[in-house]
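Architecture at a glance
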Amino acid sequence: MFGRLAGKVCVVNGAASLIGRAVADRFADEGAVVVGVDKVSHSVGGQAVRADLTDEDAVAGMYREVVRDHGRLDVIYNNVGLMGPGDRSIFEMTLQTWRDAQDANLTSIFLACKHGIPHLRETEPSGGSVINAASFLAAVGSATAPMAYAAAKAGVVQLSRDLGVHLARSGVRVNAVLFGPIETPQQRELLQRDPSALDKRMVHWPMGRFGTLDEAAATIAFLASDDAGFITGAAIPLDGGITEAFTVPE
Ligand SMILES: NC(=O)c1ccc[n+]([C@@H]2O[C@H](COP(=O)([O-])OP(=O)(O)OC[C@H]3O[C@@H](n4cnc5c(N)ncnc54)[C@H](O)[C@@H]3O)[C@@H](O)[C@H]2O)c1
(Lines give C-alpha, C1' and ligand atoms only; values in the text may rest on other atoms or scores of the structure.)
Protein backbone atom coordinates (compact mmCIF):
# COMPACT_ATOMS: atom_id res chain seq x y z
CA MET A 1 0.00 0.00 0.00
CA PHE A 2 2.76 2.48 0.90
CA GLY A 3 5.18 3.97 -1.63
CA ARG A 4 2.51 4.69 -4.20
CA LEU A 5 3.70 8.31 -4.47
CA ALA A 6 7.44 7.58 -4.48
CA GLY A 7 9.34 10.21 -6.48
CA LYS A 8 6.30 12.41 -6.90
CA VAL A 9 6.07 16.08 -5.97
CA CYS A 10 2.75 16.95 -4.33
CA VAL A 11 1.39 20.40 -3.47
CA VAL A 12 -1.20 20.62 -0.67
CA ASN A 13 -3.04 23.95 -0.93
CA GLY A 14 -4.73 25.03 2.33
CA ALA A 15 -2.34 22.81 4.26
CA ALA A 16 -2.44 24.41 7.72
CA SER A 17 -5.45 22.50 9.02
CA LEU A 18 -5.77 19.07 10.61
CA ILE A 19 -7.02 17.55 7.35
CA GLY A 20 -4.30 19.36 5.38
CA ARG A 21 -1.64 18.05 7.71
CA ALA A 22 -3.07 14.51 7.74
CA VAL A 23 -3.03 14.40 3.93
CA ALA A 24 0.47 15.92 3.72
CA ASP A 25 1.77 13.34 6.24
CA ARG A 26 0.08 10.51 4.35
CA PHE A 27 1.55 11.70 1.02
CA ALA A 28 5.01 11.77 2.67
CA ASP A 29 4.46 8.25 4.11
CA GLU A 30 3.68 7.15 0.55
CA GLY A 31 7.07 8.48 -0.58
CA ALA A 32 6.17 11.94 -1.92
CA VAL A 33 8.01 15.23 -1.62
CA VAL A 34 5.30 17.48 -0.14
CA VAL A 35 4.96 21.25 -0.40
CA GLY A 36 2.34 22.69 1.97
CA VAL A 37 0.80 26.06 1.09
CA ASP A 38 -1.42 28.24 3.27
CA LYS A 39 -2.17 31.90 3.90
CA VAL A 40 -1.24 31.48 7.56
CA SER A 41 2.21 30.62 8.77
CA HIS A 42 2.61 26.84 9.29
CA SER A 43 5.03 23.93 9.16
CA VAL A 44 3.15 21.41 7.02
CA GLY A 45 5.11 19.50 4.38
CA GLY A 46 8.81 19.08 3.67
CA GLN A 47 8.59 22.65 2.38
CA ALA A 48 6.09 25.04 3.99
CA VAL A 49 5.05 28.02 1.87
CA ARG A 50 2.94 31.00 2.86
CA ALA A 51 0.70 32.35 0.08
CA ASP A 52 -2.80 33.72 -0.40
CA LEU A 53 -4.42 31.31 -2.84
CA THR A 54 -6.88 33.98 -4.03
CA ASP A 55 -3.97 36.11 -5.31
CA GLU A 56 -3.28 35.10 -8.93
CA ASP A 57 0.33 36.30 -9.03
CA ALA A 58 1.10 34.56 -5.73
CA VAL A 59 -0.38 31.26 -6.97
CA ALA A 60 1.46 31.37 -10.31
CA GLY A 61 4.72 32.29 -8.56
CA MET A 62 4.33 29.54 -5.96
CA TYR A 63 4.07 26.82 -8.64
CA ARG A 64 7.04 28.26 -10.57
CA GLU A 65 9.12 28.02 -7.39
CA VAL A 66 8.00 24.45 -6.67
CA VAL A 67 9.00 23.30 -10.15
CA ARG A 68 12.27 25.26 -10.00
CA ASP A 69 13.14 23.73 -6.59
CA HIS A 70 11.92 20.16 -7.14
CA GLY A 71 12.04 19.75 -10.93
CA ARG A 72 8.50 18.46 -11.37
CA LEU A 73 4.88 18.55 -10.21
CA ASP A 74 2.68 15.45 -10.02
CA VAL A 75 -0.20 15.99 -7.59
CA ILE A 76 -2.25 19.00 -6.45
CA TYR A 77 -4.57 18.54 -3.47
CA ASN A 78 -6.74 21.63 -2.99
CA ASN A 79 -7.83 21.45 0.65
CA VAL A 80 -8.42 25.22 0.80
CA GLY A 81 -11.80 26.29 2.13
CA LEU A 82 -13.71 28.71 4.35
CA MET A 83 -17.07 28.66 6.12
CA GLY A 84 -17.53 32.20 7.42
CA PRO A 85 -19.43 32.95 10.64
CA GLY A 86 -22.06 35.03 8.77
CA ASP A 87 -22.72 32.31 6.20
CA ARG A 88 -26.35 31.19 6.69
CA SER A 89 -29.55 31.80 4.73
CA ILE A 90 -28.96 34.31 1.90
CA PHE A 91 -31.67 36.49 3.48
CA GLU A 92 -29.44 37.04 6.52
CA MET A 93 -26.16 37.21 4.61
CA THR A 94 -24.12 40.22 3.48
CA LEU A 95 -22.76 40.46 -0.04
CA GLN A 96 -19.26 40.49 1.47
CA THR A 97 -19.88 37.12 3.17
CA TRP A 98 -21.04 35.72 -0.18
CA ARG A 99 -17.99 37.09 -2.01
CA ASP A 100 -15.55 35.87 0.64
CA ALA A 101 -17.01 32.36 0.37
CA GLN A 102 -16.73 32.31 -3.43
CA ASP A 103 -13.16 33.63 -3.26
CA ALA A 104 -11.85 31.23 -0.63
CA ASN A 105 -13.71 28.10 -1.79
CA LEU A 106 -14.00 28.45 -5.56
CA THR A 107 -11.73 31.19 -6.96
CA SER A 108 -8.80 29.69 -5.01
CA ILE A 109 -9.36 26.34 -6.73
CA PHE A 110 -9.84 28.01 -10.14
CA LEU A 111 -6.43 29.66 -9.69
CA ALA A 112 -4.79 26.53 -8.24
CA CYS A 113 -5.94 24.54 -11.30
CA LYS A 114 -5.33 27.26 -13.91
CA HIS A 115 -1.73 27.79 -12.87
CA GLY A 116 -0.88 24.31 -11.53
CA ILE A 117 -2.22 21.99 -14.23
CA PRO A 118 0.12 23.31 -16.99
CA HIS A 119 3.04 22.14 -14.81
CA LEU A 120 1.47 18.67 -14.44
CA ARG A 121 1.29 18.50 -18.23
CA GLU A 122 4.92 19.56 -18.63
CA THR A 123 6.19 16.94 -16.15
CA GLU A 124 7.57 13.76 -17.76
CA PRO A 125 5.65 11.52 -18.20
CA SER A 126 2.95 14.13 -18.76
CA GLY A 127 0.00 13.84 -16.38
CA GLY A 128 -0.91 13.81 -12.73
CA SER A 129 -3.78 14.04 -10.29
CA VAL A 130 -5.77 17.00 -8.98
CA ILE A 131 -8.10 16.48 -6.02
CA ASN A 132 -10.43 19.30 -5.00
CA ALA A 133 -12.11 19.49 -1.59
CA ALA A 134 -15.87 19.95 -1.90
CA SER A 135 -18.61 19.02 0.56
CA PHE A 136 -21.66 16.76 0.81
CA LEU A 137 -23.54 20.09 1.12
CA ALA A 138 -22.97 20.48 -2.64
CA ALA A 139 -25.07 17.36 -3.28
CA VAL A 140 -28.11 17.83 -1.02
CA GLY A 141 -30.46 20.66 -0.08
CA SER A 142 -30.37 21.76 3.53
CA ALA A 143 -32.66 23.99 5.59
CA THR A 144 -29.67 24.94 7.71
CA ALA A 145 -27.02 25.27 4.99
CA PRO A 146 -24.29 27.87 4.92
CA MET A 147 -25.63 28.82 1.47
CA ALA A 148 -22.63 30.74 0.13
CA TYR A 149 -20.28 27.90 1.10
CA ALA A 150 -22.59 25.21 -0.34
CA ALA A 151 -22.98 27.09 -3.65
CA ALA A 152 -19.21 27.57 -3.91
CA LYS A 153 -18.59 23.87 -3.21
CA ALA A 154 -21.12 22.97 -5.93
CA GLY A 155 -19.00 25.14 -8.22
CA VAL A 156 -15.94 23.14 -7.19
CA VAL A 157 -17.74 19.91 -8.16
CA GLN A 158 -18.71 21.23 -11.59
CA LEU A 159 -15.26 22.72 -12.27
CA SER A 160 -13.69 19.36 -11.37
CA ARG A 161 -16.13 17.49 -13.63
CA ASP A 162 -15.45 19.80 -16.58
CA LEU A 163 -11.68 19.74 -16.10
CA GLY A 164 -11.68 15.95 -15.66
CA VAL A 165 -13.42 15.48 -19.01
CA HIS A 166 -11.59 18.35 -20.74
CA LEU A 167 -8.19 16.85 -19.82
CA ALA A 168 -9.14 13.17 -20.01
CA ARG A 169 -6.72 12.35 -22.84
CA SER A 170 -3.85 14.38 -21.41
CA GLY A 171 -3.02 12.06 -18.51
CA VAL A 172 -4.24 14.62 -15.97
CA ARG A 173 -7.08 13.37 -13.75
CA VAL A 174 -9.27 15.82 -11.83
CA ASN A 175 -11.70 14.72 -9.12
CA ALA A 176 -13.67 16.33 -6.30
CA VAL A 177 -14.23 14.86 -2.85
CA LEU A 178 -17.60 15.36 -1.16
CA PHE A 179 -16.41 15.55 2.42
CA GLY A 180 -18.91 14.69 5.10
CA PRO A 181 -18.24 15.61 8.74
CA ILE A 182 -14.64 14.75 9.58
CA GLU A 183 -13.67 14.73 13.25
CA THR A 184 -11.83 17.98 13.92
CA PRO A 185 -12.26 20.30 16.93
CA GLN A 186 -13.48 23.10 14.61
CA GLN A 187 -16.12 20.83 13.06
CA ARG A 188 -17.39 19.68 16.47
CA GLU A 189 -17.35 23.26 17.80
CA LEU A 190 -19.31 24.45 14.77
CA LEU A 191 -21.95 21.77 15.26
CA GLN A 192 -22.18 22.33 19.00
CA ARG A 193 -22.63 26.14 18.94
CA ASP A 194 -26.33 25.44 19.22
CA PRO A 195 -26.85 22.53 21.68
CA SER A 196 -29.38 20.77 19.44
CA ALA A 197 -27.40 21.27 16.22
CA LEU A 198 -25.32 18.10 16.40
CA ASP A 199 -28.32 15.89 17.32
CA LYS A 200 -30.44 17.47 14.57
CA ARG A 201 -27.82 16.60 11.98
CA MET A 202 -26.51 13.29 13.26
CA VAL A 203 -29.91 11.57 12.84
CA HIS A 204 -29.25 11.83 9.08
CA TRP A 205 -25.80 10.18 9.27
CA PRO A 206 -26.16 6.48 8.36
CA MET A 207 -22.97 5.52 10.19
CA GLY A 208 -23.84 7.75 13.15
CA ARG A 209 -20.28 9.03 13.55
CA PHE A 210 -17.71 11.50 12.24
CA GLY A 211 -15.14 10.33 9.70
CA THR A 212 -11.56 10.15 10.92
CA LEU A 213 -8.54 12.07 9.68
CA ASP A 214 -6.95 8.76 8.66
CA GLU A 215 -9.98 7.84 6.56
CA ALA A 216 -9.89 11.25 4.87
CA ALA A 217 -6.15 11.10 4.16
CA ALA A 218 -6.35 7.53 2.84
CA THR A 219 -9.06 8.48 0.32
CA ILE A 220 -7.13 11.51 -0.93
CA ALA A 221 -3.92 9.44 -1.22
CA PHE A 222 -5.79 6.80 -3.22
CA LEU A 223 -7.09 9.44 -5.65
CA ALA A 224 -3.60 10.94 -5.91
CA SER A 225 -2.05 7.57 -6.78
CA ASP A 226 -2.06 5.53 -9.98
CA ASP A 227 -4.39 3.08 -8.20
CA ALA A 228 -7.12 5.57 -9.17
CA GLY A 229 -5.83 5.75 -12.76
CA PHE A 230 -9.27 5.19 -14.34
CA ILE A 231 -11.14 7.72 -12.16
CA THR A 232 -11.61 11.27 -13.41
CA GLY A 233 -14.29 13.97 -13.40
CA ALA A 234 -15.91 12.29 -10.41
CA ALA A 235 -17.31 13.63 -7.15
CA ILE A 236 -16.29 10.95 -4.64
CA PRO A 237 -18.45 10.83 -1.50
CA LEU A 238 -16.43 10.64 1.73
CA ASP A 239 -19.40 11.05 4.00
CA GLY A 240 -20.39 7.78 5.71
CA GLY A 241 -23.33 7.42 3.32
CA ILE A 242 -25.06 10.77 4.00
CA THR A 243 -25.62 11.65 0.35
CA GLU A 244 -26.91 8.13 -0.41
CA ALA A 245 -29.42 7.85 2.43
CA PHE A 246 -33.17 8.28 2.56
CA THR A 247 -33.82 6.67 5.94
CA VAL A 248 -31.04 5.61 8.30
CA PRO A 249 -30.61 2.66 10.70
CA GLU A 250 -32.14 3.01 14.22
N1 LIG B 1 -13.79 19.22 8.25
C2 LIG B 1 -14.93 18.74 7.73
O3 LIG B 1 -15.64 17.97 8.36
C4 LIG B 1 -15.35 19.16 6.34
C5 LIG B 1 -16.65 18.86 5.91
C6 LIG B 1 -17.02 19.24 4.61
C7 LIG B 1 -16.10 19.85 3.77
N8 LIG B 1 -14.85 20.13 4.25
C9 LIG B 1 -13.91 20.78 3.34
O10 LIG B 1 -12.71 20.04 3.32
C11 LIG B 1 -11.59 20.91 3.27
C12 LIG B 1 -10.70 20.65 4.46
O13 LIG B 1 -11.41 20.88 5.66
P14 LIG B 1 -10.68 21.49 6.91
O15 LIG B 1 -11.51 21.14 8.09
O16 LIG B 1 -9.25 21.09 6.84
O17 LIG B 1 -10.87 23.06 6.57
P18 LIG B 1 -10.17 24.30 7.32
O19 LIG B 1 -11.05 25.47 7.13
O20 LIG B 1 -9.75 23.91 8.70
O21 LIG B 1 -8.82 24.48 6.47
C22 LIG B 1 -8.77 25.15 5.27
C23 LIG B 1 -7.39 25.77 5.15
O24 LIG B 1 -7.44 26.65 4.02
C25 LIG B 1 -6.69 27.81 4.37
N26 LIG B 1 -7.12 28.93 3.55
C27 LIG B 1 -8.35 29.52 3.51
N28 LIG B 1 -8.34 30.54 2.63
C29 LIG B 1 -7.09 30.58 2.10
C30 LIG B 1 -6.45 31.41 1.14
N31 LIG B 1 -7.11 32.42 0.54
N32 LIG B 1 -5.16 31.18 0.83
C33 LIG B 1 -4.48 30.15 1.43
N34 LIG B 1 -5.02 29.34 2.35
C35 LIG B 1 -6.32 29.55 2.68
C36 LIG B 1 -6.98 28.04 5.83
O37 LIG B 1 -5.99 28.87 6.44
C38 LIG B 1 -6.97 26.61 6.36
O39 LIG B 1 -5.70 26.21 6.81
C40 LIG B 1 -12.12 22.33 3.22
O41 LIG B 1 -12.18 22.75 1.87
C42 LIG B 1 -13.52 22.18 3.80
O43 LIG B 1 -14.41 23.16 3.31
C44 LIG B 1 -14.46 19.79 5.50
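Here we summarise the structure given alongside this text. Quick caveat, the model's predicted, so the values are computed rather than measured.

Surveying the vicinity of the ligand reveals 23 residues, the closest of which are Ser17, Asp38, Tyr149, Lys153 and Ile182. A distance of 3.4 Å separates an oxygen atom of the ligand from a polar backbone atom of Ala16. Within the contact set of the ligand, an oxygen atom lies 2.7 Å away from a side-chain nitrogen or oxygen of Tyr149. Alone, the ligand offers 820 Å² of accessible surface; in the complex the protein occludes 88% of this. The set of elements that each furnish at least two residues to the shell around the ligand consists of β5 (128–135) and α4 (147–166).

Time to look at the pattern of salt bridges. Tallying each qualifying case throughout the model produces nine salt bridges. For Asp74, the salt bridge goes to Arg72, with nearest N and O atoms at 2.8 Å. Assessed through its relative accessible area of 4%, Asp74 is described here as buried. Ionic contacts of the salt-bridge type, sharing partners, join the residues Arg4, Arg26, Glu30 and Asp227 into one network.

Where helix α2 (residues 56–70) contacts helix α3 (residues 95–122), the two axes come as close as 9 Å, and the packing angle between them is 25°. Relative to α3, α2 is oriented roughly parallel. α3 is crossed by α2, and the crossing has right-handed handedness. Residues Glu56, Val59, Ala60, Tyr63, Arg64 and Val67 of α2 form the contact with α3, whose participating residues are Leu111, Ala112, Lys114, His115, Gly116 and His119. Classifying every residue of the contact of α2 with α3 gives six nonpolar, three polar and three charged.

Okay, unusual backbone geometry next. The omega angle of the peptide bond from Glu124 to Pro125 is -10°, so this bond is cis rather than trans. On the secondary structure map, Pro125 appears in the loop between α3 and β5.

Of all six residues that make up strand β2 (residues 33–38), five are buried, and the element is covered over most of its length. Alignment of strand β1 (residues 9–13) against β2, held across five bridges, turns out to be parallel. When the bridges of β2 are listed, Val9 appears paired with Val33. The handedness of the β1 to β2 crossover, carried by helix α1 (residues 18–29), is right-handed. Summarising the sheet, β2 and strand β3 (residues 47–50) pair through four bridges and their orientation is parallel. The partner of Val37 across the bridge, within β3, is Val49.

Rules of the game
- Residues numbered from 1 in each chain as written.
- Predicted model: local features only at pLDDT ≥ 70, side-chain atom pairs only at ≥ 80, totals over all residues.
- Heavy atoms only, no water.
- Near = heavy atom within 4 Å.
- Polar contact = N/O pair within 3.5 Å; in protein donor to acceptor, adjacent residues only side chain to side chain.
- Areas by Shrake-Rupley, 256 points an atom, 1.4 Å probe, with all protein chains shown as cover.
- Helix = DSSP H or I, 4+ residues; strand = E, 2+ residues; numbered from the N terminus.
- Salt bridge = Lys/Arg side-chain N within 4 Å of Asp/Glu carboxyl O.
- Buried < 20%, exposed > 50% of the residue type's maximum accessible area, 1.4 Å probe, protein only.
- Axes fitted to C-alpha atoms, helices over the stretch in contact; angles between N-to-C directions.
- Parallel < 35°, antiparallel > 145°, perpendicular 65-115°, else oblique.
- Left-handed = near helix turned anticlockwise from the far one by under 90°.
- Contact = heavy atoms within 4.5 Å.
- Nonpolar A, V, L, I, M, F, W, Y, C, P; charged D, E, K, R; others polar.
- Pairing = 2+ DSSP bridges.
- Right-handed = clockwise from strand over helix to strand, strands pointing away.

Geometry only, nothing functional implied.
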